[in-house]
Structures are given as C-alpha cells and as structure tokens.
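# Breakdown of the fold
Each chain, letter by letter, is given below.
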Amino acid sequence: LRPGRTGISSMLSSISTAQSSWSNASVATGAGTDSVSWVWNWGTDSLLYGENFLCAVALDSQAAITNNTGLGTPFAGNITVYPIYRVADLTPPATPILVSPLNNAFNQPTTVTFFWNRSSGASLYTLQGATDSGFSSIMINRGFISDTSQTVTGLVNITCYWRVCASNFASASAWSTVWSFSTIATAPQAPILSSPANGASGVINPTLSWHAATGALSYAVQVSTASDFSIITINDSGITDTSHAVAGLSSSTLYYWRVRASNSLGASPWSAIWNFSTAALPQTPTLSLPVNGSLGVSTRLTLSWNAAARAASYTVQVSSASDFSSLTVNDNGIATTSHTVGLSAFVLYYWRVRAMNAGGSSAWSIVWSFMTGNTGISLSGSSAPCAFSVTGSSGTVRYALPVQCHVSLKYYDLRGRLVASFINQTQSPGYYSLHIDKAFCSPGSYLQVFEAGTFIKRGLVIK
C-alpha cells in the first residue's frame, strides 16, 4: 500500500488467501498507477463486476472495502478506487453434504437442529427449508451461517424439504441434495400392553413388552406392588424400544405394571394396568444322611436329603471349616436328592444343601457334621472268637467280636475333645484288623476308646 494508507491496510490484514501485487491489479481505462486516483461511476464501469479482485474505496474521506460480488453499498457519484488484492485464485466452495435429520425421517420433534458436513473452501452457509421439493414455498431462509448446524423451532405437523449451500469471496456452491422429514402433530397415543399376559403367574425376570404408540419418541415403564402405584418398585423412562427387561423382583409376589409414551409435545395417558405373579422359590432342603455328628464315616460316602418343594436342582457344599470359608465340595445342578463325594480320612466335615429353580435359590439347610474314619478294615478267618478283645493303639489295631454288634474306635485329647474316629458301624462276629497308615494327629497323649456292644476298653496312647 501507499504510504499513509495504514487505515485500509489494517482492514485487509486478516485476508491471507489473496495475493497482494500492484502489478497484477487491473484498473479501469484511464486509471493511473497505484499512486493515481481516477473518477469512477458505480454500476457503469466493468471494474467491480467484471474482475475478481478486492479494492478499497474512499468516499468523502471515509475508507470502505468492497469487491466485485457486490458486498459494497451501491451508490452514484464520484469515488476514488484503490486496487488492493487480486483474488482470481479463489474458487467456489464444495457443495455441502447433509447429515441430519435423516432423509424421509418421521415423527421428528418440533424443534429441529439441522446438521451438514463442512465444505472445502466455505466461509458461510445458507440453509433453506420449504413445504415443497421445488422450494416455491420457502419457510426457512437463513444465510451468513458460519457453523455447520442450525436450530429451528416451531415446526409443528409439517413435511419439511431442506437444502444447504456454501459461499466464499469468489461465489457460492451448488445447492446440496434435497432431504425431507416430517414432524409430530400431537402428543402420542397410550400404548397397548403385550406381555407378559395379564394375570400371568410363575414369571421370572420378565421382559415387559407393548405395541408401538403412534407419535411416540420414548416410553416410561412403572412396576408396583400396589394397584394404585402408591409404591413404585421400578420407574424407568427414556426407553426408545417397545420392550424393557426388569430384574430384582421378589419371588412369590403380585406386581402391577403400566406404560406411557412421550414426544416433544407431551406424554400420553398411562396404558391399561396389567399384573403378573413372580415364581415361588423352592423350599429349604432337610438333610438325611449321614446323621448329624456321625463318626467313622467312609471317605467315599453318599450325602442324601429330603426333596424340597418346587426344587429343580440342588447345590451341595462340604467344608472342613464350620463357616464354609474354604470348600472341599461345591457341586451344583444336582437333579437328585443324593450326591456321592470322596473325602480325606480322619477329618471333621460340615455339609449343607440348598434347592434351586428358575426363580432363584432357597436358604441353605441346617449345617450338619460328620467325621470320616478308616476304611481299611479287614476280616481274618471265619470262626467266631470266644470273647471280646482289642490290641494295638496305632499302626495296626486288632480286635475280636464273638457276636454281631456295633463297633467304634475313637481317640480323644486330654481335654476330652474328639480328634479322630476310625470305626462307627455294625460288624459280624470275627477277627478284624484296622490299618492306620498315617498319623492321625500331632504328637502327644491321647485316650483311645474301643467299644463293641457292651465291651469297652480305654487306654492311653502316647504319640
């Protein structure tokens, strides 16, 4: 720029895409160099309407900026024009691509935000909406939009056709493809319930379903144990599907449920109220064998219990800890009322059972206990001894039974606490030997008690 033109220079300093070269600037016939002004009458000279360049215009000592696309204010009279920037390199922007609302969308809210992709080379955008695809009845005409979205309100019960074009200093793009959408007219109708059927029983974690309501954008679901919904168990809204899974319901309980639809104009009335009953849980099992407190139980034994009403299967737990903090057996899906397990010898075990069905599980049964013994008992000979006898305290214990009777062999510590049980069963007459291959307790003094019918023998064992 010429010296002294700092005002015009500052106005154009933000334009970075134009080229500043006085030698490339075209001037009207009769105009001088950059230091010479000329008289020019707006609208009759081809300078601004036939050339692609920016220029500065001085009128009555007030600087202004205009270009050949008519951004200046038309006037008649004498003005002084200073060619500033050649802009022949500017090209029209790319045609915008529409994003949303989607083409042919229906039941759109009455307030719509239009979105489109940014166009290469675009400075501004123009949005048009019309009631016809030919745009003879335009209802939306917004220009000078610098962003790629625009929100419009009040679009009630219409079908809107819309398009966007982009512009820059050079010119405007072609109009985008025309899309259309329709908006809702009224609040939606009340939904009609579908499943579970009204009055259904034995329901487990149901998925509530209903038919789509005209004009609905979302739904709300309520579940209650009270027919007047004074107590709300589930109150979920913003559901866009026509079904909703619910969980955490109590067993053996009657529930009521209803649905209503909503859109931007309001909510529908509530649907009819339906009800269903959840499935009953199974009863708690009662343990049967081995009897609570049994001693000398085989290391491979069958646990059994009484059938529980409404049970589909059972879970069995066996532990050497009374609080079941560690589990030796944790088997589920048992379809019968017995279960065979293999355990270690000379261990006090606790066991319990619970029943299962599709609705959930029962409480655990009462905890019973038993102590395993040694299964290595052998019978020597077929003759019956004349009297009871027992020898040995560890390693191998031999005993004689002149008659059939119940036999037990137990060991107690000096505080009277049972530490091991090796025999607890009825045996026929004969000579027997019991092999205790491993130490069953820590070193110390113990009381050995052998009982066979009315015969009892006690002895101190030092290990």
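Report on the accompanying structure. All residue numbers here refer to positions counted from 1 along the written sequence of the relevant chain. Per-residue local features are limited, in this predicted model, to residues with pLDDT of at least 70; the limit for side-chain atom pairs, both in listing and counting, is 80 or more; totals at the level of whole chains, interfaces and linings are taken over all residues. The side-chain values count all of the structure's non-hydrogen atoms but skip hydrogen atoms and water molecules.

Pairing of aromatic rings covers Phe, Tyr and the six-membered ring of Trp, with a centre-to-centre limit of 6.5 Å; geometry is then stacked below 30 degrees between planes, edge-to-face above 60, and tilted otherwise. Taken as a whole and assessed by the stated rule, the structure comprises 14 aromatic pairs. Ring geometry for Phe-388 versus Phe-455: centroids 5.5 Å apart, planes at 10°, classification stacked. Taken together, the positions of Phe-388 in the loop between β31 (377–380) and β32 (389–391) and Phe-455 in strand β38 (residues 455–462) put the pair 67 residues apart, joining distant regions of the chain. Ring geometry for Tyr-399 versus Tyr-432: centroids 5.3 Å apart, planes at 10°, classification stacked. Residue Tyr-399 is located in strand β33 (residues 396–401), and its partner Tyr-432 is located in strand β36 (residues 430–435); the two are separated by 33 residues in the primary sequence. Residue classification places Tyr-399 among the buried residues on the basis of a relative accessible area of 3%. Burial classification: accessible surface area is computed with a 1.4 Å probe over protein chains only, and a residue below 20% of its type maximum counts as buried, one above 50% as exposed, and the rest as partly exposed. On the basis of relative accessibility, which here comes to 9%, the residue Tyr-432 falls in the buried class. Note that Arg-258 overlies the ring of Trp-270, its terminal NZ or CZ placed 4.3 Å from the centroid. Throughout this description, the term charge over a ring refers to an Arg CZ or Lys NZ atom that lies within 6 Å of the ring centre and within 35 degrees of the ring normal. Residue placement shows Arg-352 over the ring face of Phe-324; its charged tip is 4.0 Å from the ring centre. Helix numbering and strand numbering both begin at the N terminus, where a helix is a DSSP run of H or I of at least 4 residues and a strand a DSSP run of E of at least 2.

What follows covers the pairing of strand β28 (residues 348–357). Here a strand pair is declared whenever DSSP counts at least two bridges between the two strands. Relative to β28, strand β25 (residues 313–319) is paired through 7 bridges, and the arrangement is antiparallel. Along β28, the bridge assignment pairs Gln-317 with Arg-352. Alignment of β28 against strand β30 (residues 368–372), held across 4 bridges, turns out to be antiparallel. Along β30, the bridge assignment pairs Tyr-350 with Ser-369. Bridge count between β28 and strand β29 (residues 360–361): 2 bridges; the pairing is antiparallel. When the sheet's bridge partners are listed, Asn-357 is paired in β29 with Gly-360. Turn length for the β28-β29 hairpin, with the two strands adjacent in sequence and antiparallel, is 2 residues.

Once that is clear, we can look at the pairing of strand β21 (residues 274–278). Along any regular strand the residues' side chains alternate between the sheet's two faces. Where strand β14 (residues 200–203) and β21 come together, 2 bridges link them in parallel fashion. Note that in β21 the partner of Val-203 across the bridge is Thr-278. Here strand β19 (residues 254–263) pairs with β21 via 4 bridges, running antiparallel. Note on β21: the bridge partner recorded for Leu-254 is Ser-277.

Moving on, we come to the sheet that holds strand β24 (residues 300–306). Within a sheet, adjacent strands bond to each other through the backbone by hydrogen bonds, running parallel or antiparallel. Strand order in this open sheet of 3 strands is β22-β24-β27, and the pairing throughout is antiparallel. Looking along the sheet, the strands with just one partner apiece sit at the ends: β22 (286–289) and β27 (338–342). Geometrically, the sheet is characterised by an average inter-axis angle of 30° between neighbouring strands, direction not taken into account. Interaxial angles span 0 to 180 degrees and are taken between N-to-C directions of axes, which are lines fitted to C-alpha atoms, for helices over the stretch in contact.

Structurally, the position occupied by Tyr-411 is in strand β34 (residues 405–413). Residue class for Tyr-411 comes out buried when judged on its relative accessible area of 0%. C-alpha separation for the pair Tyr-411 and Phe-422, spaced 11 residues apart in sequence, amounts to 8.6 Å. One polar contact links Tyr-411 to Gln-448, side chain to side chain, over a distance of 2.8 Å. What qualifies as a polar contact is a pair of N or O atoms within 3.5 Å, subject to a donor-acceptor requirement within protein and to the restriction that residues adjacent in sequence count only when both atoms come from side chains.

A few words now on the pattern of salt bridges. When a carboxyl oxygen of Asp or Glu is within 4 Å of a side-chain nitrogen of Lys or Arg, the pair counts as a salt bridge. This model, assessed by the stated rule, comprises 2 salt bridges. Across the pair Arg-118 and Asp-147 runs a salt bridge whose closest N-O atoms are separated by 3.9 Å. Taken as a pair, Arg-118 in the loop between β7 (112–116) and β8 (124–130) and Asp-147 in the loop between β9 (138–145) and β10 (149–152) lie far apart in primary sequence, 29 residues in all. Of the charged contacts, one joins Arg-417 and Asp-413 as a salt bridge, the two residues approaching to 2.8 Å between their closest N and O atoms. What makes Arg-417 partly exposed here is its relative accessible area of 48%. Owing to a relative accessible area of 14%, Asp-413 belongs among the buried residues under this scheme.

Within the secondary structure layout, Asp-241 lies in the loop between β17 (232–239) and β18 (243–245). Sequence spacing of Asp-241 and His-211 is 30 residues, and the spatial spacing of their C-alpha atoms is 9.9 Å. The contact rule is simple, with two residues in contact once any of their heavy atoms fall within 4.5 Å. Apart from residues no more than four positions distant in its own chain, Asp-241 is found in contact with Trp-210 and Tyr-219.

To continue, consider the sheet that holds strand β35 (residues 418–427). An order of β35-β34-β37-β38 is seen for the 4 strands of this open sheet, with the pairing classed as antiparallel. If you trace the sheet from one side to the other, it starts and ends with β35 and β38, each paired once. On average, each strand axis in the sheet is inclined to that of its neighbour by 10°, with strand direction left out of account.

Attention now moves to the side chain of Ser-369. Structurally, Ser-369 is set in strand β30. If we skip the residues at most four places from it in the chain, Ser-369 touches Val-291, Asn-292, Gly-293, Ser-294, Leu-348, Tyr-349, Tyr-350 and Trp-351.

Residue Pro-101 is reached from Ser-100 by a cis peptide bond, and omega for that bond is 5°. By secondary structure assignment, the location of Pro-101 is in the loop between β5 (98–100) and β6 (105–108). Cis geometry is adopted by the peptide bond preceding Pro-290, which originates at Leu-289 and carries an omega value of 0°. Tracing the backbone through its elements, the reader meets Pro-290 in the loop between β22 and β23 (294–297). Its identity is not glycine, yet Asn-104 carries a phi of approximately 65°, on the positive side. One can find Asn-104 in the loop between β5 and β6.

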